[in-house]
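Structural overview for review
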Amino acid sequence: MSSELYNDGPVVHKPTFIDGTSIEIPELKILKQDGSTYEGAELPDMDETLALKVYKTLAFHRVLDERMVASQRQGRLSFYMAALGEEAASVGGAAGLKPQDMIMSQYREQGALMFRGFSLENFMNQMFSNEKDLGKGRQMPIHYGSSELNYMTISSPLGTQIPQATGYAYGQKLQGLDEVTLCYFGEGAASEGDFHAGLNMAAVQEAPVIFFCRNNGYAISTPSDEQFRGNGIASRGVGYGIKTLRIDGNDILAVIKATQIARKYALKENAPVLIEAMSYRLGAHSTSDDPSGYRTREEEAKWQANDPILRMKNWLLAQNWWDEEQEKALFEKLREKILAAVKVSEKISKPHIDTLITDVYDVPSIQLKAQLEQVKVHVNKYPEAYPFTAGKF
Amino acid sequence: MAKMNMLQAINNALDIAMGEDDTTLCFGEDVGHFGGVFRATNGLQDKYGKLRCFNTPLVEQGIIGFANGLAAQGSRPIAEIQFADYIFPAFDQIVNEAAKFRYRSGNEFDVGKLTIRAPYGGGIAGGLYHSQSPEAYFAHTPGLKVVIPRNPYQAKGLLLASIRDDNPVIFFEPKRLYRASTGEVPIEDYQLPIGKAEVLQAGSDITLLAWGAQMEVLQKAADLAANDGISCEVIDLRSILPWDIETIANSVVKTGRLLVTQEAPLTAGFASEIAATIQQECFLHLESPVERVCGLDTPYPLALEKEYVSDHLKIYEAIKRSINY
């Protein structure tokens, strides 16, 4: 117990400001866009099998996003959020972890769940909020979750998962498990109070948690220079006393390497790590958004040239682990499979009326049961007005 | 049996809970070595170690966010908010997160093991930021349980039930009662039921209902009324959410009259919910309008605290108003 935690600098005798220029933040880059690696770069621990799994997950992600945005445009789906251009952050993060590690996401990290093996049917059933949805049709599309796959169900309020990840990791530490928690959030969400709460507590309480910030330049329409004035999110890690890495978020090898290193450090030292992945949200915030109102085509084109999936493909080709024929076959097959899955899931029934009151508590209270009975009587009286449930209970 | 004040009873309950389960933790501001500003966690760090009983930084939203994560992970967190007046930075983590965790995930995840303790209520010259009774805000949130004990025996039994309940529970501790008196409390483990009111005194003319520290005030008013020949049925609600409609309705069917008193302001307080439900359930049995004796619709005062609070005399007057309606 001590209050003497300061690294004393030089003593001065007139007021002397310090600012961000006192710290230089290096950015980790391993893979170039042409598929070659930087000289002297330390590669992640990854064999051909893992590399192909990562790439196939990225491809699945890209095609699923394309198809679901199209489905939303056709009026088949109410809402969707694509991760175009920043898929490497989520897929690479999951690839750098062990399956037992908990992942707590914001909402644009479906790639991590894909990597963990969440089935196409599970994705579809959630998006169509049908009776087979693990979440019982209660949340808007893309709010996935799976206890089996250690992927915490998404919550819309921004940043709330950050202090929760600290607590989750603290529990893992207390029970002596070979587990860490990885927590995703965007640079916009890092303005929330929960960001400060979660990072500060993780440092003080010594929790093995990896904070993974996807700095994609925009929070809906708000660019990052209207979000904060410090040197990105990484500079804040230093302030909290947290080991921090800034990486090229479109560089899948850098993402995997950083996550692997962070995991090792967090477990060994019982301490948090902050990763800031620099990227760009090439698509809209959601299907309810139109970026042409707040940014230029030139800006987008610059980042299109940094496509993380193409970059990994180039690397795989250079390794002779992949070829153009496989590429074509993979994307064609994915498009077919996804389209077929949409057709199945959109026809599955809505959840049973009884799920209106389940899971509010472990067991529904007397009051809730009475309220449900009242609804049922009402539905029976006006069945035409309630086609999803009338006659089905 | 032992003589304990409410703090000792709470400390004893926490000790039992931490002793029976290695994953049970107590934390909050000044909760560790110091044992909390009211000393409710006194001695727990020495006994169970710094990993299980500790200070947190001054960040209520962090304390509850951290607790939510722990509970989701399978640990059993008991988080202390130093004063109920300071629970509001954690409102989002309680209302949008803890309360909805199980529902929104379709029971893939839950934080049922979470208990939040907070000293609450007035009567200690604490002014507007050390006296509030915010139970009604949380009663409006499906997914939470809200429990308030009236004495040391109730505090221990209800707190142990809250800690073991498989839903997030907010346990408000009437801090005016912490050291106000002692009572007989069993040394051994026991639980009292959540969601069940307790009839403390049978009566035939009017039902008097309250919770927490108001029970003492209510009993005083009932004694005054008894001198006038008015027979009061006195009930402690104990749980605000879920609340025991049946016991209250049965009593009102018998007496034909209901008075509810709370420390919190009148408008949209929990007394209002009770009044609405009881007029629905017991309409044809009511002899007079449901009386609500509550704080004024102002912040909690300091110098004029006596004038503000729902004291025994205000309740006594309301009893007579109801009887003579």
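Another aspect to go through is helix H12 (residues 366–381) of chain A. Residue and element names in this part refer to chain A. If you check H12, its first and last C-alpha atoms are 23 Å apart, about what 16 residues at 1.5 Å a residue would give, namely 22 Å. Within H12 the residues assigned to the buried category are Leu368, Leu372, Lys376 and Val379. The arc that holds the buried residues of H12, viewed along the axis, is 80 degrees, so those residues lie on one side. Opposite the packed face of H12, turned more than 90 degrees from it, sit the exposed residues Ile366, Gln374, Val377 and Lys381.

Annotation of chain A at the domain level lists domain 1 (23–35 + 43–345) and domain 2 (353–385). Centre-to-centre separation of domain 1 of chain A and domain 2 of chain A, based on C-alpha positions: 37 Å.

As a further point, take the domain arrangement of chain B. Residues and elements named next belong to chain B. Annotation of chain B at the domain level lists domain 1 (2–185) and domain 2 (198–323). For domain 1 and domain 2, the distance between their C-alpha centroids amounts to 26 Å. On the side of domain 2, 24 residues touch domain 1, which itself brings 28 residues to the contact. Three residues stand out in domain 1 for area buried against domain 2, namely Ile148, Arg150 and Arg176, and they jointly supply 27% of the buried area on that side. Between the two partners, domain 1 and domain 2, sit three salt bridges.

Turning our eyes to something else, we now look at the pattern of salt bridges. All names here are of chain A. This structure, assessed with the given rule, holds 41 salt bridges over all chains. In this structure, Lys29 engages Asp248 in a salt bridge whose closest nitrogen and oxygen atoms are separated by 3.1 Å. With Lys29 in the loop between strand E1 (27–28) and helix H1 (48–73) and Asp248 in strand E7 (residues 243–248), this residue pair connects regions lying 219 residues apart in the sequence. Taking relative accessible area as the criterion, Lys29 reaches 38% and is therefore assigned partly exposed. Taking the relative accessible area as the measure of exposure, Asp248 reaches 6% and is therefore buried. A salt bridge links Arg246 to Glu276; the shortest N-O distance between them is 2.8 Å. Pair noted here: Arg246 is in strand E7 and Glu276 is in strand E8 (residues 273–278), with a separation of 30 residues, a long-range link.

Contact with chain A, which involves 45 residues of that partner, is made by 46 residues of chain B. Carbon and sulfur atoms make up 61% of the surface buried where chain A meets chain B, a total of about 3600 Å² over both sides. Inspection of the region where chain A meets chain B yields 21 residue pairs in polar contact (both at pLDDT 80 or more). Of all the secondary-structure elements, those providing two or more residues to the side of chain A that touches chain B are helix H5 (161–174) and helix H6 (193–205) of chain A. The class makeup of the residues in the side of chain A that touches chain B is 18 nonpolar, 20 polar and seven charged.

Take the sheet that holds strand E3 (residues 181–186) of chain A next. Residue and element names in this part refer to chain A. In space, the six strands of this open sheet follow the order E1-E7-E8-E4-E3-E2, with parallel pairing throughout. On the outer flanks of this sheet lie E1 and strand E2 (102–104), each paired with one strand and no other. Examined bridge by bridge, E1 and E7 share two bridges and lie parallel to one another. Of the residues in E7, the one forming a bridge with Leu28 is Ile247. Strands in contact with H6 are E3, strand E4 (209–215) and E8; relative to E4, the strand with the most contacts, it is inclined by about 145 degrees. In this fold helix H8 (residues 252–269) packs onto E1, E3, E4, E7 and E8, with an angle of close to 170 degrees to the strand it touches most, E7.

All names here are of chain A. Burial runs high along E8: five of the six residues are buried. Pairing of E4 with E8, which is carried by six bridges, proceeds in the parallel orientation. In the sheet register, Phe212 faces E8, and the bridge partner there is Ile275. Inspection of the sheet shows E7 paired to E8 by six bridges, in the parallel sense. Looking across to E8, one finds that Asp248 is bridged to Met278. For the crossover that starts at E7, traverses H8 and ends in the parallel E8, the hand is right-handed.

This part takes up helix H9 (residues 245–255) of chain B. Residues of H9(B) that are buried: Ile245(B), Thr247(B), Ile248(B), Ala249(B), Ser251(B), Val252(B) and Thr255(B). If you follow the buried residues of H9(B), they end up packed against H12 of chain A together with strand E9 (198–201), strand E10 (206–210), strand E11 (232–236), strand E13 (258–265) and helix H10 (270–282) of chain B. Once H9(B) finishes, Gly256(B) follows within two positions and takes phi at roughly 80 degrees, a positive value.

Residues and elements named next belong to chain B. Within E10, five of the five residues are buried, leaving the element largely enclosed by the surrounding structure. The alternating pattern of E10 places Ile206, Leu208 and Ala210 on one face and Thr207 and Leu209 on the opposite face, and all of these are buried. Sheet topology places E10 next to E11; five bridges connect them, and they run parallel. Bridge pairing in E11 links Leu209 to Ile235. Between the parallel elements E10 and E11, the chain passes through helix H8 (residues 214–227) in a crossover that is right-handed. Bridging between E10 and E13 involves three bridges; their strand directions are parallel. In the sheet register, Leu209 faces E13, and the bridge partner there is Val260.

Moving on, we come to the sheet that holds strand E12 (residues 239–241) of chain B. All names here are of chain B. If you walk across this open sheet you meet the seven strands as E3-E2-E4-E5-E7-E6-E12, and the pairing is mixed. Only two strands of the sheet have a single partner each, and these edge strands are strand E3 (53–55) and E12. On average, each strand axis in the sheet is tilted by 20 degrees relative to the strand beside it, whichever way the strands run. Relative to E12, strand E6 (residues 145–147) runs antiparallel, the two being bridged by two bridges. Counted as the bridge partner of Val146 is Leu241 from E12. Contacting strand E2 (24–28), E3, strand E4 (76–80) and strand E5 (115–120), helix H3 (residues 60–73) runs over the sheet at an angle of about 170 degrees to E4.

Residue and element names in this part refer to chain B. Within the element layout of this structure, Val309 appears in the loop between helix H11 (305–308) and helix H12 (312–323). Overall, the relative accessible area of 23% leaves Val309 in the partly exposed class. Along the backbone, Val309 and Cys294 are 15 residues apart, and their C-alpha atoms lie at a distance of 7.3 Å.

Turning to the packing of aromatic side chains, a few remarks are in order. Residue and element names in this part refer to chain A. On inspection of all chains with the given rule, the structure shows 30 aromatic pairs over all chains. Aromatic side chains Tyr218 and Tyr280 sit 6.0 Å apart centroid to centroid with 85 degrees between the ring planes, which places their arrangement in the edge-to-face category. With Tyr218 in strand E5 (residues 218–219) and Tyr280 in the loop between E8 and helix H9 (297–304), the pair connects residues that are 62 residues apart, well separated along the chain. We note that Tyr218, like Tyr280, is buried. Measuring from centroid to centroid gives 5.7 Å for Tyr218 and Tyr294, while their planes differ by 45 degrees, and the two rings are tilted. Of this pair, Tyr218 sits in strand E5 while Tyr294 sits in the loop between E8 and H9, and the two are 76 residues apart along the sequence. Looking at Tyr294, the relative accessible area reads 21%, which means it is partly exposed. The ring of Tyr38 carries Lys32 above its face, with NZ or CZ at 5.2 Å from the centroid. Its end group placed over the ring of Tyr218, Arg295 keeps NZ or CZ at 5.1 Å from the ring centre.

About the thresholds
- Residues numbered from 1 in each chain as written.
- Chains lettered and ligands numbered in written order.
- Predicted model: local features only at pLDDT ≥ 70, side-chain atom pairs only at ≥ 80, totals over all residues.
- Heavy atoms only, no water.
- Helix = DSSP H or I, 4+ residues; strand = E, 2+ residues; numbered from the N terminus.
- Expected span 1.5 Å × (residues − 1).
- Buried < 20%, exposed > 50% of the residue type's maximum accessible area, 1.4 Å probe, protein only.
- Arc of directions from axis to C-beta.
- Domains from an automatic or database assignment.
- Contact = heavy atoms within 4.5 Å.
- Buried area = accessible area lost by both parts, 1.4 Å probe.
- Salt bridge = Lys/Arg side-chain N within 4 Å of Asp/Glu carboxyl O.
- Polar contact = N/O pair within 3.5 Å; in protein donor to acceptor, adjacent residues only side chain to side chain.
- Nonpolar A, V, L, I, M, F, W, Y, C, P; charged D, E, K, R; others polar.
- Pairing = 2+ DSSP bridges.
- Axes fitted to C-alpha atoms, helices over the stretch in contact; angles between N-to-C directions.
- Right-handed = clockwise from strand over helix to strand, strands pointing away.
- Phe/Tyr/Trp six-rings, centres within 6.5 Å; stacked < 30°, edge-to-face > 60°.
- Lys NZ or Arg CZ within 6 Å of the ring centre and 35° of its normal.

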